[in-house]
Each structure stands twice: as structure tokens, then as C-alpha cells.
Amino acid sequence: MASNGHNGKGAPLLTFPCTIDIKAIGRQSVRFEALIHEIVSRHIMPQDLLSCVSRASRGGTYTAVTLTIRATDKAQLDAIYEGLKALPEVLIAL
């Protein structure tokens, strides 16, 4: 297995391939979940999407979408987060 992420002390943060949750939070809209799926799907194989959970905030103003994926390397994760952060609808990507 390849280790690609480091914490500056030489110890890997992640060992790839790995299962990881990608979370995006934005204002509630009918397209928000679809936008998140679209960005993530550009960077993974269909079988690497393991689950998707969408939750509205208590007041219904915001939506949090969590996708569990099988990630192959750090570059893939970086590309996913860059794509999510580029969307004006995404307020926070974790």
C-alpha cells in the first residue's frame, strides 16, 4: 500500500487506498446534493461511491451531504476538494 499524506513528521496521515467521508455544507436547494455528486463523480469510479447521506439543518436553511468513498491517492482527494470549494453553493467542504 502506498502512503501519500504526511503530517510533517514523516508519519502518514492516510494510507491509500482508503475509505473516507467527504462532507459539503451549503444552503438548502433542490440541486445541492446533485452538484456534490457531480463534482465527486468526476474523480472516482462508480463502484468507489460507498454511501451518500443528506441532512437538512434543524431550521431547513442548510444541507449537509456526506459521501463515503474509496480514495486511491492524495491527488484524487485534492481534486475533489478543489472542485467542491470552487462551487459557490458550497459554504464548507470537510
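Here we summarise the structure given alongside this text.

1. Some points on the pattern of salt bridges
Working step 1: The tally for this structure, following the rule as stated, stands at three salt bridges.
Working step 2: Residue Arg-70 pairs with Asp-48 through a salt bridge whose shortest N-O separation is 3.0 Å. Here Arg-70, found in strand S5 (residues 62-71), pairs with Asp-48, found in the loop between helix H1 (32-41) and strand S4 (49-56); they are 22 residues apart in sequence, far enough to count as distant.
Working step 3: You can call Arg-70 partly exposed: its relative accessible area is 34%.

2. Comments concerning the pairing of S5
Working step 1: Counting buried positions over the 10 residues of S5 gives eight, a clear majority of the element.
Working step 2: Of the strand pairs in this sheet, strand S3 (residues 18-27) and S5 are connected by 10 bridges, and their pairing is antiparallel. Along S5, the bridge assignment pairs Gly-26 with Thr-63.
Working step 3: When S4 meets S5, the two strands line up antiparallel, connected through seven bridges.

3. Points about a nonpolar patch on the surface
Working step 1: Together, Tyr-62, Leu-91, Ile-92 and Leu-94 make up a nonpolar patch on the protein surface, roughly 370 Å² of accessible area in all.
Working step 2: Considering the arrangement of structural elements, one finds Ile-92 in strand S6 (residues 90-93).

4. Things to note about the sheet that holds S3
Working step 1: Spatially, S4-S5-S3-S6 is the arrangement adopted by the four strands of the open sheet, whose pairing is antiparallel. Sheet topology places S4 and S6 at the edges, where each strand pairs with a single neighbour. The sheet shows a mean angle of 20° between the axes of neighbouring strands, direction not considered.
Working step 2: With three bridges connecting them, S3 and S6 associate as antiparallel partners. Across the sheet, the residue bridging to Ala-24 is Ala-93, located in S6.

Each value, and the rule that gives it
Residues numbered from 1 in each chain as written. Predicted model: local features only at pLDDT ≥ 70, side-chain atom pairs only at ≥ 80, totals over all residues. Heavy atoms only, no water. Salt bridge = Lys/Arg side-chain N within 4 Å of Asp/Glu carboxyl O. Helix = DSSP H or I, 4+ residues; strand = E, 2+ residues; numbered from the N terminus. Buried < 20%, exposed > 50% of the residue type's maximum accessible area, 1.4 Å probe, protein only. Pairing = 2+ DSSP bridges. Patch = residues over 30% accessible without salt bridge, like charges linked within 9 Å, V, L, I, M, F, W, Y side chains within 5 Å. Areas by Shrake-Rupley, 256 points an atom, 1.4 Å probe, with all protein chains shown as cover. Axes fitted to C-alpha atoms, helices over the stretch in contact; angles between N-to-C directions.

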